[in-house]
Amino acid sequence: MRRPVLAAALLGVSTLVALGPQTAHSAELSAHDIMEKNFFVSKIKSMKTESTMVLINDKGQQRERKNSTLLKLQANGIDSKLLVKFSTPADIKGTGFLQVEHSDGDDDLWIYLPALKKSRRLVANNKKDSFVGTDFSYGDISLPKVDLYRHALLRSEAVDQHDSYVIESVPINDTVKSNSGYSKKITWVRKDSLLEAKVEYYDLSGRLLKTQLTTDHKLVEPNPPRWFPLYREMTNHQTGHKTIIRFDKIEPDVPAPDEQFTTRTIERE
Amino acid sequence: MMLFLTALAGVVSVAHADDFSAFLLEQRVSGVLRADYFRSSRILDGRADMLGATAQIKALPSLGENIDGKLELRIANPAIGKGAGTGSRLLEAYATVHFDKADLRLGKQIVAWGRADGINPTDNLTPRDLTVALPFEEDQRFGATAIKFDAYLSPNHTLTVFMTPFFKPAKIPLPTASRSIREITPARTLANSELGLKLDKVGEGFDWSASYFHGFSLLPDLRFLGGNAAGPVLESYYDRINVLGADFARNFGRYGLRGELAYVDTRDKAGTDPGVKNPYLFWIVGIDRTFFENLNVNIQFFQRRVRRHHAAEEIAEPVQRGIALQNAILDGQRDRISNGISFRVGDKWFNDTLEAEIFAVVNATRHDGFIRPLLTYAFSDHWKGTVGAEIYRGAADTQFGSLKPKRGMFAELRYGF
């Protein structure tokens, strides 16, 4: 009950993650440069979304969550503010989530549970924590700083018919490794959008833990180019559980005044 | 039980119909059907094996461009086949007008104050029903008819004004012997209005509020009116209180620190009237942290300091002594200083389909306590099952020990739509 329904946030935050690339295409780009462009390509100024999140267990049984989100990039161009409201299923309907990112410190997080009738400040999340019961962790949806990993360009290959850089990222130290829960990541970064098309996550013992696929990349801001994937799928190979996020509607460049990103908004059922 | 489940299944099949679902969605209607079993009666009447059924429906209609409303109704029979009737309670029914930088809410509403976990000294505005035969803490709340005005002074600061002439007391479990005592509630007049003020700040790493409440105690006190041939004549009533409060929440890395404090002023400033609460200070502070992936642990320390305290046992006159003792137990005023600890640990597994929680409160001064383990499994997005128990410890003349007749396991099956 403490930290339950942030699920909607997933959608919103994944919004942050998914946003598209800068112009790229330079053959001289280093692995670090590519990952830095991949990081910034998801930084959209403002956007509203409506999405459906489907959680599928190893027996094929499905649970579904729908939510709407509003996000806004803060003045530093790195951190975002995110509002999420769940509309289904019934037991989480009306639940609201507010996140104000601080890349130089702990994020501010609040949750509003209709049954409790008040917003509650949450303890800053651990990057390896599951995001509201999904197969995404907070670190998967709110990308970590590029400098926290050593990046190596392994090769180029096509994913879903899109030529992509294949980059291996290894934590720079044990703390980063422990906090993320991953010993390494391998990212397929599309050369056209610089958005990740596929990511493999390896657990601390080096075994493949999860694979993320993103498709339906959409250019939402032309200058500089910012992209957003309308479909995300994360499969946990060790549990057989899978989470799909489908963005049913996105609306970029919407008014997003700071007054919107308050507990007043999430408390409005 | 079977009859109720059959009825549930009927409603479920309707609820699954596309047209009906579309209607619910359009009208922002949702609800829950619940079948509950409690080993012990919630009202200290000694009955056992209570099987209840509850239907709860909520609507959130839009009443205009800047006006919305809420209606939430509960219909329940807490003890089917044991003489309990089916009753209903309007939990909330209000309209909210949204202005640019303010909200005005009118109607029956629940207002919950306080940032501590589960124990909130500043939460004095709207009542709880501590006899409700449902398993979750939030099931106990119900609304009072009131006006609430929230002025948003900045994105971080809110000034709240709450006012009601319609005091609504808490409903508490009373021993059978106490039930014949006449209950006096304050007349519904402007002179008896309750007023709450709160300045609340959120954001920038530190949330806090300062509040003032002028109203009535949600919990009753007993007083002695005299004697007649049948014995002493008592009544329970709700006295005026003035509460100065404050709370805060702040994170330090992976640790969350929360605290709350209230100074409650009463009429009995000298502490000499056994029928009136003494003024007291009640504060609580605690930390919480999440370990591994979902294991959340919350520990709080609380203390109550009663001014001008006189032990009930020192009163020579037996009737007055009995009244003073009963009031002191209910109000947590057995001792001049009483300390306690609350503990909540919760975890989730299988992508949040299985949840477990243990909540415990221990009064260190009188060695009484309460523990409630809960286990909830989500069979699907609609169906959930819960099993749990309430266990009370302590002597019969202590706050939790006096509730021992309520102890026992419980279970619930619920369908949400």
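Criteria and cut-off values
Residues numbered from 1 in each chain as written. Chains lettered and ligands numbered in written order. Predicted model: local features only at pLDDT ≥ 70, side-chain atom pairs only at ≥ 80, totals over all residues. Heavy atoms only, no water. Helix = DSSP H or I, 4+ residues; strand = E, 2+ residues; numbered from the N terminus. Buried < 20%, exposed > 50% of the residue type's maximum accessible area, 1.4 Å probe, protein only. Contact = heavy atoms within 4.5 Å. Expected span 1.5 Å × (residues − 1). Polar contact = N/O pair within 3.5 Å; in protein donor to acceptor, adjacent residues only side chain to side chain. Patch = residues over 30% accessible without salt bridge, like charges linked within 9 Å, V, L, I, M, F, W, Y side chains within 5 Å. Areas by Shrake-Rupley, 256 points an atom, 1.4 Å probe, with all protein chains shown as cover. Salt bridge = Lys/Arg side-chain N within 4 Å of Asp/Glu carboxyl O. Lys, Arg positive; Asp, Glu negative; His and termini not counted. Charge placed at Lys NZ, Arg CZ, Asp CG, Glu CD. Pairing = 2+ DSSP bridges. Axes fitted to C-alpha atoms, helices over the stretch in contact; angles between N-to-C directions. Arc of directions from axis to C-beta. Buried area = accessible area lost by both parts, 1.4 Å probe. Nonpolar A, V, L, I, M, F, W, Y, C, P; charged D, E, K, R; others polar. Phe/Tyr/Trp six-rings, centres within 6.5 Å; stacked < 30°, edge-to-face > 60°. Lys NZ or Arg CZ within 6 Å of the ring centre and 35° of its normal.

## Some remarks on the overall build of chain A
Right, so step 1: Looking only at helices and strands, chain A has five helices and 13 strands in total.
Right, so step 2: The buried share of chain A, reckoned over its 269 residues, is 61%.
Right, so step 3: When contacts within chain A are restricted to residue pairs at least 6 apart in sequence, long-range pairs at least 24 apart make up 55% of them.

## Regarding helix α3 (residues 318–331) of chain B
Residue and element names in this part refer to chain B.
Right, so step 1: Its 14 residues place the ends of α3 20 Å apart at the C-alpha level, agreeing with the 20 Å of an ideal helix rising 1.5 Å per residue.
Right, so step 2: Along α3, the positions that sit buried rather than exposed are Ile323, Ala324, Asn327, Ala328, Ile329 and Asp331.
Right, so step 3: Between the side-chain oxygen of the N-cap and the backbone nitrogen of Val319 there are 3.1 Å, and the N-cap of α3 in question is Glu317.
Right, so step 4: Downstream of α3 by one or two residues, Gly332 has phi in the positive range, about 70 degrees.

## Things to note about a negative patch on the surface
Residues and elements named next belong to chain A.
Right, so step 1: A surface patch of like charges, here negative, comprises Glu50, Glu64, Asp248 and Glu251.
Right, so step 2: Positionally, Glu64 belongs in strand β2 (residues 62–73).
Right, so step 3: Under the relative-accessibility criterion, Glu64 is labelled partly exposed at 32%.

## Points about the pattern of salt bridges
Right, so step 1: A full pass over the atoms with the stated rule returns 51 salt bridges over all chains.
Right, so step 2: In this structure, the salt-bridge partner of A:Lys191 is A:Asp163, at a minimum N-O distance of 3.2 Å. Placement of the pair is A:Lys191 in the loop between β9 (184–190) and β10 (196–202) and A:Asp163 in strand β8 (residues 162–171), with a sequence separation of 28 residues.
Right, so step 3: Each of A:Lys117, A:Glu269, B:Lys58, B:Lys70, B:Glu72 and B:Glu92 takes part in salt bridges that share partners, so that together they form one network.

## Here we look at the sheet that holds strand β13 (residues 231–237) of chain B
All names here are of chain B.
Right, so step 1: Taken in spatial order, the three strands of this open sheet run β9-β13-β12, and their pairing is mixed. Each of the sheet's edge strands pairs with one partner strand only, and the pair in question is β9 (182–184) and β12 (221–228). On average, adjacent strands in this sheet sit at an angle of 30 degrees to one another, irrespective of strand direction.
Right, so step 2: Here β12 pairs with β13 via seven bridges, running antiparallel. Across the sheet, residue Gly226 finds its bridge partner in β13, namely Val233.
Right, so step 3: In the packing of α3 onto the sheet, contacts are made with β12 and β13, and the angle to β12 comes to roughly 165 degrees.

## Overview of helix α2 (residues 31–40) of chain A
Residues and elements named next belong to chain A.
Right, so step 1: All of the buried residues along α2 are Ala31, Ile34, Met35, Asn38 and Phe39. Take α2 and look down its axis: the buried residues cluster within an arc of 140 degrees, on one side only.
Right, so step 2: Where the residues of α2 are buried, they touch β7 (149–159), β8, β9 and β10.

## Focus on the pairing of strand β6 (residues 102–109) of chain B
All names here are of chain B.
Right, so step 1: By the criterion of burial, β6 is predominantly enclosed, with six of the eight residues buried.
Right, so step 2: The pairing of strand β5 (residues 87–98) with β6 spans six bridges and is classified as antiparallel. Bridge assignment links Ala95 to a residue of β6, and that residue is Leu106.
Right, so step 3: Where β5 folds back onto β6 in an antiparallel hairpin, the turn is made up of three residues.
Right, so step 4: Bridge count between β6 and strand β7 (residues 144–152): eight bridges; the pairing is antiparallel. Bridging from a neighbouring strand, Arg105 pairs with Lys148 of β7.

## Side note on the interface of chain B and chain A
Right, so step 1: On the side of chain A, 41 residues touch chain B, which itself brings 58 residues to the contact.
Right, so step 2: When chain B packs against chain A, close to 4000 Å² is buried across both sides, 41% of that on carbon and sulfur atoms.
Right, so step 3: Sorting the residues of chain B by area buried against chain A places B:Arg254, B:Asn351 and B:Asp381 first, and these three jointly supply 17% of that buried surface.
Right, so step 4: Viewed at the interface, chain A and chain B are joined by eight salt bridges.
Right, so step 5: Counting across the interface, chain B meets chain A through 22 residue pairs in polar contact (both at pLDDT 80 or more).
Right, so step 6: Tallied by class, residues from the side of chain B that touches chain A come to 16 nonpolar, 16 polar and 26 charged.

## Looking at the side chain of A:Asn38
All names here are of chain A.
Right, so step 1: In this fold, Asn38 is placed in helix α2.
Right, so step 2: Here Asn38 falls in the buried class, since its relative accessible area comes to 4%.
Right, so step 3: A distance of 2.7 Å separates a polar atom in the side chain of Asn38 from a polar atom in the side chain of Glu196.
Right, so step 4: For Asn38, the contacting residues outside a window of four places in its chain are Leu143, Val189, Leu194, Leu195 and Glu196.

## Considerations on the packing of aromatic side chains
Residues and elements named next belong to chain B.
Right, so step 1: The tally for this structure, following the rule as stated, stands at 18 aromatic pairs over all chains.
Right, so step 2: On the basis of an interplanar angle of 55 degrees and a centroid distance of 5.4 Å, the ring pair of Phe167 and Tyr238 is categorised as tilted. Taken as a pair, Phe167 in the loop between β8 (157–164) and β9 and Tyr238 in the loop between β13 and β14 (240–252) lie far apart in primary sequence, 71 residues in all. Across the pair, Tyr238 and Phe167 agree in class, each one buried.
Right, so step 3: Both rings, one in Phe282 and one in Phe302, keep their centres 6.4 Å apart while their planes meet at 80 degrees; by these two values the pair is edge-to-face. Of this pair, Phe282 sits in strand β16 (residues 280–291) while Phe302 is found in strand β17 (residues 295–306), placing the two residues 20 residues apart along the sequence.
Right, so step 4: Members of the aromatic cluster, each reached through a chain of ring pairs, are Phe359, Phe370, Tyr392 and Phe400.
Right, so step 5: The lysine or arginine in question, Arg240, covers the ring of Phe216, its NZ or CZ lying 4.3 Å from the ring centre.
Right, so step 6: One Lys or Arg, Arg250, reaches over the ring of Phe206 and ends 5.9 Å from the middle of that ring.

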